[in-house]
Amino acid sequence: MDGRPDVSITAWIGKDSITIKNSSFPYFQVHYIPIVLAGKPYTFRWHFNDVRGYFTKDYVKQHDGKVQIIVPEVFELANVILALSPAAKKATNIRKEGDYYNEVMRYFEPFRNHPLFKKLDFESNAYMESYYEFRENSICFNFDGDKLVGSENYFFIYGSDDSTYANLFGNNLSEIADFAKASGFRSFYKKHIGYYEKLINREREMMDAEDMWAWLEKEFPRPKFRSYKIIFSPLILASHSTQRFSIWDFQAEQRFQECVMFVSGPDIYDTRKELSEMQKSGFISGIVFTEIDHNYVNERSGDYQESIDSIFSQRAFWVDPKREAGYYGSPLSIFNEYMTHALFCLYVSGRFEPQAAAFLIAARETLMVSSRGFTKFPAFNKALASLKDQYSSSNVYELYPRMLDWCRKFNAQPSH
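Scoring rules and cut-offs
- Residues numbered from 1 in each chain as written.
- Predicted model: local features only at pLDDT ≥ 70, side-chain atom pairs only at ≥ 80, totals over all residues.
- Heavy atoms only, no water.
- Phe/Tyr/Trp six-rings, centres within 6.5 Å; stacked < 30°, edge-to-face > 60°.
- Helix = DSSP H or I, 4+ residues; strand = E, 2+ residues; numbered from the N terminus.
- Lys NZ or Arg CZ within 6 Å of the ring centre and 35° of its normal.
- Pairing = 2+ DSSP bridges.
- Axes fitted to C-alpha atoms, helices over the stretch in contact; angles between N-to-C directions.
- Contact = heavy atoms within 4.5 Å.
- Expected span 1.5 Å × (residues − 1).
- Buried < 20%, exposed > 50% of the residue type's maximum accessible area, 1.4 Å probe, protein only.
- Arc of directions from axis to C-beta.

*Asks:* I'd love a proper account of the packing of aromatic side chains, names of residues and values included.
*Replies:* Taken as a whole and judged by the stated rule, the model has 54 aromatic pairs. Here Tyr-338 and Phe-377 contribute two aromatic rings whose centre-to-centre distance is 6.2 Å and whose plane-to-plane angle is 35°, an arrangement assigned as tilted. Of this pair, Tyr-338 sits in helix α13 (residues 331–351) while Phe-377 sits in helix α15 (residues 377–390), and the two are 39 residues apart along the sequence. The ring centre of Tyr-397 lies 3.6 Å from the NZ or CZ of Arg-300, which sits over that ring. One residue, Arg-300, lies across the ring of Tyr-400, its end atom 5.7 Å from the ring centre.

Encoded structure:
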């Protein structure tokens, strides 16, 4: 079973019993118990699974069916540190403009010689992985005065050691806490709470996460999520990701799954004066939508991995290896990226007025081909839309075989 705090397992054989407590939560725990039955020796293997997140009954009750949009204090600390780090000078995934960024630079400039930054001087080829590992594991900690202590909800995203949950943020906890204390970060964060709340309200106004959630679960009967959490920082630019956490909810007799998205703030398109508010809303919605829907797409694609591997193994046909798409290492990851962004176009076509929808779809196709290198995206996108029109009573989950048939036939015609 999955580990839980203060839980134990008891087993009986006749009048004999043994009780084992989950004493290593949230880490993996295993016991081998030798017994003899009817003169024959056996070994029972009992284990508690490691868990990367846990939710109390009160948390489930409070967040069930809801979307949270937040700028957590320690998460913002991680983003401030990354923006100040030596590697940030060449980074293109940090938003280096605007009043807030300039204020961060001015306020924290005197502390750039802190010993912490010597540990964050990443080589270029290690930057992105290190960036994500540092940033996302920050949600596993909270402030207790000047100290950083473990969260009761999140324990690990990913890192150098899955057995001990070692990661770049947790490994440098004392230095991070010292930097926060020396620089007065908590006062800086408190001073800007009004600014963060303004951004949170704007994020809610510019995208309808509840509607995306309902639409996706209509198109995909599994998986089911019962909580969405959108985490952002004003310092993030074009470096988005998603995680999922779950526990077994004994009261509801089903899993309580939470989908967590890490995304840019809602003002990253404000410098583009040519965009209308509706167009900005579409772009902001696209950032969140294409993180949310990976949770649905990736799981369904796993049902057809053999077919997908066969079709998309011809990488040169589907992607430009010199662009971002070339870094997607498996046929499955290539297909999932195609499907993820085509789904957003489907969503847009039914949720935005025709002129805005056409603009957003064209922009998505340009992004996927010219910027990212998914060279056949316009054809793929139109094929999915056509199948959805033709089989209007079927959801996307059910259309997978037909979409893969189209991919197989299209793949056999290199002239396209």
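That covers the picture; the talk isn't over yet.
*Asks:* Pulling in residues and values, what's your account of the sheet that holds strand β8 (residues 227–233)?
*Replies:* Sheet architecture is open: 4 strands sit in the order β5-β8-β10-β9, paired in mixed fashion. Two strands bound the open sheet, and with one partner strand each, they are β5 (66–70) and β9 (241–249). Strand-to-strand twist of the sheet, defined as the mean angle between neighbouring strand axes without regard to direction, takes the value 15°. Here β8 runs beside strand β10 (residues 254–264); their pairing, made up of 7 bridges, is parallel. Across the sheet, the residue bridging to Lys-229 is Val-260, located in β10. The sheet contacts of helix α4 (residues 127–137) involve β9 and β10, and relative to β9 the element is tilted by about 40°. Sitting on the sheet, helix α10 (residues 294–301) is in contact with β8, β9 and β10, with an inclination near 75° to β9.

*Asks:* Explain α15 residue by residue, including any values.
*Replies:* The terminal C-alpha atoms of α15 lie 20 Å apart, and with 14 residues this matches the ideal 20 Å at 1.5 Å per residue to within 8%. Taken as a whole, α15 has its buried residues at Phe-377, Phe-380, Asn-381, Ala-383, Leu-384, Leu-387 and Lys-388. The arc that holds the buried residues of α15, viewed along the axis, is 160°, so those residues lie on one side. Structural note: α15 exposes Lys-382, Asp-389 and Gln-390 on the side pointing more than 90 degrees away from its buried face. The secondary structure elements touched by the buried residues of α15 are α8 (209–219), α11 (305–312), α12 (315–318), α13, α14 (354–371) and α16 (396–411).

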